[in-house]
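What follows is each chain in one-letter form.
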Amino acid sequence: MERVYLAREYFQSGHNCAQSVVLSFAEDTRFSEELARRISAGFGGGMGKMQETCGAVTGAVMVLGMLSGEKAQSNEELKSGACSSVKELFRQFHEAYGTTLCRDLIGCDLNTPEGAKRFKEERIMEQTCTGCVMKAVQIVESFRR
């Protein structure tokens, strides 16, 4: 199964956006599924449902760090490679969506009853968040070619 569809499947089965991205790369990063699920659990909903940086993006940042470590000969090289990739991830995601902020992407406050209701009724998770998860995976995949 193509990785973007694997991430979508994880997301649609109840994992948060960050978990879905990290889980889709678990084998490549040598994370067990349990570790991938646990390490990324707090990043959904824009980090702890605070609607800051999109969880799909933060999940991709974690993956990029793990993948950068495979080639790095030193910590300086690791940090440099990871930072370069993260900047490009943010650039491409921002180009696609105009923002990397969860609150701006979904346009409602998940922490209010009204916002949560709108999120559900307007199927924002399906309409917006699923695409963000898939895009984040697609961007990370593009670095590997």
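Values in this document were obtained by computation on a predicted structure and should not be read as measured data.

## Section: the nonpolar core
Point 1. Judged by nonpolar contacts, the single largest core of 38 residues is most densely connected at Val21, Ala56 and Ile106.
Point 2. Elements supplying a minimum of two residues to this core: helix H1 (3–12), helix H2 (17–24), helix H5 (55–68), helix H6 (75–97), helix H7 (102–106) and helix H9 (124–143).
Point 3. Here the element with the most residues in this core is H9; it accounts for nine residues.
Point 4. Residues contacting Val21, with those up to four places away along its chain left out, are Ala56, Gly59, Ala60, Val63, Val133, Ala136 and Val137.

## Quick word on the packing of aromatic side chains
Point 1. In the structure shown here, the tally under the stated rule is one aromatic pair.
Point 2. When the ring of Phe93 is compared with that of Tyr97, the centres are 4.8 Å apart and the planes differ by 40 degrees; the resulting orientation is tilted. Highlighted residues: Phe93 and Tyr97, both in helix H6, separated by four residues, approximately one helical turn.
Point 3. On the basis of relative accessible area, Phe93 is assigned to the buried category, the value being 0%.

## Some points on unusual backbone geometry
Point 1. At Lys49, a position not held by glycine, the phi torsion is positive, near 60 degrees.
Point 2. With a relative accessible area of 43%, Lys49 lands in the partly exposed category.
Point 3. The phi dihedral of Gln51 falls on the positive side, at around 60 degrees, and the residue is not glycine.
Point 4. As for its placement among the helices and strands, Gln51 is situated in the loop between helix H4 (33–39) and H5.
Point 5. Taking relative accessible area as the criterion, Gln51 reaches 3% and is therefore assigned buried.

Analysis parameters
Residues numbered from 1 in each chain as written. Predicted model: local features only at pLDDT ≥ 70, side-chain atom pairs only at ≥ 80, totals over all residues. Heavy atoms only, no water. Core = buried A, V, L, I, M, F, W, Y, C linked by side-chain atoms within 4.5 Å. Buried < 20%, exposed > 50% of the residue type's maximum accessible area, 1.4 Å probe, protein only. Helix = DSSP H or I, 4+ residues; strand = E, 2+ residues; numbered from the N terminus. Contact = heavy atoms within 4.5 Å. Phe/Tyr/Trp six-rings, centres within 6.5 Å; stacked < 30°, edge-to-face > 60°.

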